[in-house]
Each structure stands twice: as structure tokens, then as C-alpha cells.
Amino acid sequence: MRIGSIINGREINEGQRETEEVINPFNQETIAEIVLANESDLNEAVDGSFDVFHSMMKHMPAHQRSDILRKTADLLEGRQEEFAQTIMQEAGKPIASSRAEVERSIQVLRFSSEWAKHIMGELIPMDAAIGGENRLGMVKREALGVVGAITPFNFPLNLSLHKIAPAIAAGNTVVFKPAEKTPVTAYKLTKLFLEAGLPDGVLNLVIGTGSEVGSPLTQHEKLEKISFTGSLPVGKEISQSAGFKKVTLELGSNSPNILFEDANVEQAVNKLVKGAFTYSGQICISAQRIYIQEGIFDTVVEQIVNMTEALVIGDPSDESTDLGPMISEDEAERAKQWIDDAVSKGAKVLSGGKQKGTMLEPTVMAEVQNDMKIIADEVFAPIVSVIPFKTEDEVVGMSNDSIYGLQAGVFTKDINRALRVADQLEMGGVWINEMSTFRRDNHPYGGVKQSGMGKEGVKYAVEDMTELKFIGVNLESE
């Protein structure tokens, strides 16, 4: 299979261009050959999206945008297994998790279809201000223009749609740069939109490297907004180079999860093992730090270890597999180095810790310190650390002692304590009696500190992909 960028309805997959193979991270088989776009292709894509926005998209009625999104959802629903198999093959995600991602993606499209019809403004009571009598004030939301969507490998369908679908719902055009490791899902998604009736140029897919097309995209003068999900270093570069563009950044995390002594331990352990090791921990809100109150520490840790060792590791195409490979051998080796570094500084491996190729065993660490990479940085691997605490104030301080603040989990039967702790945690989101890894597609999602800026979640993304315009009318007659 040979694929290329799709720009203004035309696929670019021929000529003397650089190519790259898409490799299945589990068995190292070649899935596809991609033709890499260059900066000239990128400029063509941005120019095309810019022209289409001004000539057509900004005038397209809401019902038409809604219909296209709904039809795309319907088409995706009819091809769930095809897309799930593609995600499984190129991302190495277990098939059950891949199917769940497709189901959520259908929902994102349908949420966006609904919100396209509910983008509303307001009337301002102008006479509330001295001198505002006999005047009418209206505020409306207008589309921004061209939105740059840069997406990661770990949720190649769902996270792409969290950018593309709200952008289209709001009336924007999109230049879409997916991760090089998972471009086939992006290619099929773009074709799906076109089949649903999206006009050429509204969504332009640019498959290329970050240096060749990613950086020029973020700096392009015809872009009005950048929505990026990825690493903290790249997010910082985008923030510094974006100029006056609107920017949404979904970056890293080392999510804390807090277990108080009165928690439902069985429920919490079930959720936290899942939250730590789903998709081999390659999720930005993965349960990376588990703080356990001293009175139940030994009991809970034993249960976590036992449940971790019962996980099925292997072929992601197998229905029973819990953990498949990491995205690449380099990433697995990097994570193993972090484990070894922590051990050299006094940490202990309670379970797992072995690596072979792209496979890294689910690993439980104890006796960790805040300066260890597995605690201080985003591990993005199947590694979780268990840490004892005594008091509420202590664990809040430990949880907040981080450059990150994306999402956290708090487990307790005391609702007063739960809400008190939630208020004190420096996070973009806090779940009570739920793992930090839980995310639905209709709540505001985004971090504080160096976890990013801006919010996703369909309604909130639509709002951020529009601009407020004020229109005033003087009603006084001559």
C-alpha cells in the first residue's frame, strides 16, 4: 500500500519524493509506504485551505456542516472493524482498545455534528452602561480561518477528530499533519470525509516530518490557530514560534492518583492497574503515580502487583491481549533506561521491568524519589510507582510537586474530603473515585502548568475555534 498527502482533493504519491515505511511495532512487518510531503506541498495545502475558507467554507450554512459530520460518523460506523484493524496494525494497540477508540471517534463526530447547529452568541443590554440607551448590542461567533491540526501516534483516530471535527463544525478549514508512525489511519479518515461530501480543500492532509512540514506549518502566516497534541519540548517550540495565532497545546503529564484508607480498595485497584497499563502506558493521563495512605499501603501494593502479573502481554491482534508493544524499540529502550536509572538511585522493581525489542513488561516501582525520571517526567510507558503518604495535606503537596498538571484521580468515600482535595490539586481535571486515565469526549480536557493551554472536548474546542464579533446598532431616529 502506497499512500501520500491529500491536498485540494488530489493525492500526492508519485514523483521523485522521499518515502518512508510504516512498520507494525509488534511483528515489524511493513504496513504501508508513505510518500513524504515537502514544504512546497505544505504551502499548497495552506494556500488551498485559505482560499476555500474565504470562497466557500465561511459561507457554508450550519446545517450543511452538520450533515457532513453526521454522514462521516455514519460511514465510520459502517467501517469500524477496518479502522480498528488499521489502528492495531500501525500503532500496536490491542484490538479491543482499538475498537473502543473507533467507537469514541464516532461519538466525537456526532457531538460535533450537533454543536455545529448550536454555535450561539448573545444580546448585550447596552442600556446597562451610561449613554448606551437606544442601542442594540449583538455578539456572534465566527470561524477563525485555517486551523493547523498536529496529532500524535497514540490515538491516531480519536485525537485527530478532537481537532478536525470541531474545527469543521465551527466553519474552519484544516491542514492536518498526523504522526509519521500512524499515517494510514489519517489517510483513511481524510478519504472518509471526502466521501461524506466535504469539499476539496476544507481538510488537507499533509504527511511529512516535523522538520520538513511541521515547523513551517506552525509558523505559516495564513494559519489562524494551531491545535497540537504531543511532547512538551515541541509544544514549547510551537508556543514560542506561533506569533499571534491562537494555540491549543495538549502536552505531557505524570498523573497522580490518591488512595485514602476509606476507599473502596478493590474498585480502586482494578481501575488503577487498567489506568497505568492500558496501551502500554502510552497515554498522557496514564496513572503514573499512585499515592496510597500508610494504613493500607502494603495490602494495596500486593493487590496491584498480583493484578499486574495477571495481565496478558503479547500480540495486539489477539482478543485476550491486555498489553502489546510500545510504538518503537527506541521508546522501549528509553523506558527501560529510566527503570534502571531509578534502581541505581535506590528504587525497587516490584514486578516486571524486563524489555525485549518493542515489548516492555508492565512494571511496578517502589521506594522512588521525586528527582527520578519515572516520577518527575512523563514516563509514557507501562511503568507505575507506588508511594506511601500519611496525611491529606502531605499527599496534596506531593501531587502538586510537578511541572505538570493535566488530570488526577482521588479515591475516598468521604465526599467532603474528595471535593476539598479536588479543589487543592493543581490540575486541569480531577476525577473522584475514578482513575486519572478516564476521559470522555464531551467534558473540558486540558492541563495547567506545563501540561499545556486551552481545552478540548467538542463544545469547548468549537468555542476556541471561533472568534467573538460585536455588532452594535444605534436605534435612535433622526
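Up top is the structure.
Residues numbered from 1 in each chain as written. Predicted model: local features only at pLDDT ≥ 70, side-chain atom pairs only at ≥ 80, totals over all residues. Heavy atoms only, no water.

Caption draft 1: Here's a closer look at the packing of aromatic side chains. Applying the stated rule across the entire model yields 3 aromatic pairs. Centre to centre, the rings of Phe 260 and Phe 389 are 5.5 Å apart; their planes meet at 85 degrees, and the pair counts as edge-to-face. Taken together, the residues span a long stretch of sequence, with Phe 260 in the loop between strand E13 (256–259) and helix H9 (265–277) and Phe 389 in strand E19 (residues 383–389) at a distance of 129 residues. Across this residue pair, the class does not change: Phe 260 and Phe 389 are buried. Residues Trp 431 and Phe 438 carry aromatic rings whose centres are separated by 5.0 Å and whose planes lie at 85 degrees to one another, so their mutual orientation is edge-to-face. For Phe 438, a relative accessible area of 23% corresponds to the partly exposed category. For Arg 439, the ring lying beneath its charged end belongs to Tyr 445, and the centroid distance is 3.8 Å. (Phe/Tyr/Trp six-rings, centres within 6.5 Å; stacked < 30°, edge-to-face > 60°. Helix = DSSP H or I, 4+ residues; strand = E, 2+ residues; numbered from the N terminus. Buried < 20%, exposed > 50% of the residue type's maximum accessible area, 1.4 Å probe, protein only. Lys NZ or Arg CZ within 6 Å of the ring centre and 35° of its normal.)

Caption draft 2: Representation of the nonpolar core within the structure. Judged by nonpolar contacts, the single largest core of 65 residues is most densely connected at Leu 76, Leu 161 and Phe 193. When residues in this core are grouped by element, the largest group, 7 residues, is from helix H5 (residues 158–169). Ignoring sequence-local partners within four residues, the contact set of Phe 193 consists of Leu 69, Thr 72, Leu 109, Leu 161, Ile 164, Ile 168, Leu 198 and Leu 203. Of all hydrophobic cores here, the second largest spans 28 residues; its members include Ile 339, Val 395, Ala 408 and Leu 425. (Core = buried A, V, L, I, M, F, W, Y, C linked by side-chain atoms within 4.5 Å. Contact = heavy atoms within 4.5 Å.)

Caption draft 3: Quick peek at the sheet that holds strand E1 (residues 2–3). Taking strand neighbours across the sheet as the criterion, the 3 strands line up as E1-E5-E4 in an open arrangement whose pairing is mixed. Here the strands that pair on one side only, and so sit at the sheet edges, are E1 and strand E4 (19–23). One ladder, built from 5 bridges, connects E4 with strand E5 (residues 30–35); its direction is antiparallel. The partner of Ile 23 across the bridge, within E5, is Thr 30. (Pairing = 2+ DSSP bridges.)

Caption draft 4: The packing of helix H2 (residues 62–78) against H5, seen in detail. It is the contact of H2 with H5, at a shortest axis distance of 8 Å, that shows an interaxial angle of 150 degrees. Here Arg 65, Leu 69 and Leu 76 of H2 come into contact with H5, specifically with Leu 161, Ala 165, Ile 168 and Ala 169. Taken together, the residues of the contact of H2 with H5 sort by class into 6 nonpolar, no polar and 1 charged. (Axes fitted to C-alpha atoms, helices over the stretch in contact; angles between N-to-C directions. Nonpolar A, V, L, I, M, F, W, Y, C, P; charged D, E, K, R; others polar.)

Caption draft 5: Structural detail: unusual backbone geometry. With a phi close to 60 degrees, Asn 134 is a non-glycine residue in the positive phi region. Inspection of the secondary structure puts Asn 134 in the loop between strand E6 (122–124) and strand E7 (135–143). Its identity as a non-glycine residue notwithstanding, Asn 433 has a phi of 55 degrees, on the positive side. Topologically, Asn 433 is positioned in the loop between strand E22 (429–432) and strand E23 (448–449).

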